[in-house]
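Residues per chain are reported as follows:
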Amino acid sequence: MKLIHVIYDGIDNPVFDSQVAQPLAHLARKHSSPALLITFEHQHPSTERIQEFINRYPCITIKILKKYRFWGMWSLRYAQIQLQKVLAPLPSYSIRARGPIAGWLCLKAVSPLACKKLIIQARGLLAAEYEYTHHLHRLRGIRTWLPRLRLLIFKRLERVTYHKSSQTRIPVTIEAVSPALQEHLIRQFDLNPKNCTIARHDVPKHIDTAQRLIWRSAMRQQLNISESTNVFCYNGSVKPWQCPQETVALFQQQFLQHPESFLLVLTQDTVAFLTIIQRYHIPRSHYRVIHVPHHEVCMHLSACDVGILLREQHLMNWISRPTKALEYRAAGMRILHNNTVSYLIENC
């Protein structure tokens, strides 16, 4: 039986390796089954990017399908046809769909005879995320009519996908990332609690203690950080919803109280983050802002003691299970947060 994973947010998503590719490769090895990744992309990834994926995950076959801008279920018709053509020749498969758009496509495209199991992964709330990122919870006025129309479309899509999932001829499970999200989905979309589970297969394993100590020593030596220094870490971008400015302000408070503290920032937005950190007059000897490949992140996290993870108060954040928190925990770090994420309050 072929293992299939369908994604609609692309292979360049920052969490693609940790939350999609690595778990799929693990399942393929565990069940000794062929794995197929189907990804919808606006632009076809470069040959180098595809070859990099093949080299890292030789047990996974990748299929690239065309993605167009989403304007409602009608705009997914061509994507549905593409997916049906890929699935039609397969005699037997189980399938995971990441998010409500991929979930809707799978509900429409799978064969009741061939599909043995469909898991729709709820990684957040699409409509709530759109509302938050476009500041619709703060803005008013006629200029917001188009974003608000798209918000209604996203809400409709989520309701159709999650509510209708229990009315199909194939077994469908909704997989939430946190108890808070599970509770919200059951209440909001009238789901049967038996069909709504918590995802655990994609939680990174804790780094072996001996390995972590080896990496800790090596990374601290490389970064010129003493063994006795208390190292804080921020792993993320400069996107406002990740609160980078608030993170630096919090570290500044820690630094004023404990002058031996050090901040290690792992980000792709190195220039932008340096601009932020320089406003707070933290000595250059007490921070590093670097970009490292994803497979080296755990090595750098092993050199740290405390992970900083701040979020604003919003439903999107409350029901989330931040990938960065999972990585911090896997590296044995304590997490400093501001009580806006239910998962962190319950698990950290």
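It should be noted that the structure appears before, not after, this text.
Keep in mind it's a predicted model, so treat the numbers as computed, not measured.

Peer 1: Honestly, the overall build of the protein in this entry has me stumped. Any pointers?
Peer 2: When you go through the protein residue by residue, the secondary structure sums to 14 helices and twelve strands. Taken over the C-alpha trace, the protein has a radius of gyration of 21 Å; the compact-globule value for 348 residues is 20 Å, and the two agree within 12%. Across its three principal axes, the protein shows a C-alpha extent of roughly 65 × 55 × 40 Å. In the protein, buried positions account for 53% of the 348 residues. A separation threshold of at least 6 residues defines the contact pool for the protein, and within that pool the share at least 24 residues apart is 72%. When the accessible area of the protein is evaluated, it comes to approximately 17200 Å², of which 53% is carbon and sulfur surface. Within the protein, one finds 43 positive and 23 negative side-chain charges whose respective centroids are separated by 8 Å.

Peer 1: Would you mind showing me how to read the nonpolar core here?
Peer 2: When a protein is soluble and globular, its nonpolar side chains tend to lie buried together. Ile38, Leu87, Ile95, Leu118 and Leu185 are the most contacted members of the largest nonpolar core, which totals 55 residues. Among the elements that make up this core, the one with the highest residue count is helix α4 (residues 99-109) (seven residues). Aside from chain neighbours lying at most four places away, what touches Leu185 is Ala122, Leu125, Tyr162, Ile174, Ala176, Asp190, Leu191 and Cys196. Counting 22 residues, the second largest nonpolar core, distinct from the first, contains Ile207, Val297, Ile335 and Tyr343.

Peer 1: How do you make sense of the pairing of strand β4 (residues 93-98) when you look at a structure like this?
Peer 2: Here is the key point about a regular strand: its side chains alternate between the two faces of the sheet. A large share of β4 lies buried, amounting to six of its six residues. Neither face of β4 is left uncovered, since the one carrying Tyr93, Ile95 and Ala97 and the one carrying Ser94, Arg96 and Arg98 both have all their residues buried. Looking at chain direction, strand β1 (residues 2-7) and β4 are connected through six bridges and run parallel. Counterpart to Ile7 in the pairing with β4 is Arg98. For β4 and strand β5 (residues 115-122), the ladder comprises six bridges, and the chain directions are parallel. By the bridge assignment for β5, Ser94 is matched with Lys117. Handedness of the β-α-β unit built from β4, α4 and β5 comes out right-handed.

Peer 1: Explain unusual backbone geometry here, please?
Peer 2: Here the phi dihedral of His281 falls at roughly 55 degrees; this positive angle occurs in a residue that is not glycine. On the secondary structure map, His281 appears in the loop between α10 (270-277) and β10 (287-290). Its identity is not glycine, yet Asn339 carries a phi of approximately 60 degrees, on the positive side. Mapping Asn339 onto the fold places it in the loop between β12 (334-337) and α14 (342-347). Using a relative accessible area of 48% as the deciding quantity, one classes Asn339 as partly exposed.

Here is what the cut-offs are and how they apply
Residues numbered from 1 in each chain as written. Predicted model: local features only at pLDDT ≥ 70, side-chain atom pairs only at ≥ 80, totals over all residues. Heavy atoms only, no water. Helix = DSSP H or I, 4+ residues; strand = E, 2+ residues; numbered from the N terminus. Rg over C-alpha atoms; globule rule 2.2 N^0.38 Å. Buried < 20%, exposed > 50% of the residue type's maximum accessible area, 1.4 Å probe, protein only. Contact = heavy atoms within 4.5 Å. Areas by Shrake-Rupley, 256 points an atom, 1.4 Å probe, with all protein chains shown as cover. Lys, Arg positive; Asp, Glu negative; His and termini not counted. Charge placed at Lys NZ, Arg CZ, Asp CG, Glu CD. Core = buried A, V, L, I, M, F, W, Y, C linked by side-chain atoms within 4.5 Å. Pairing = 2+ DSSP bridges. Right-handed = clockwise from strand over helix to strand, strands pointing away.

Scope: geometric values only; no functional claims are made or implied.
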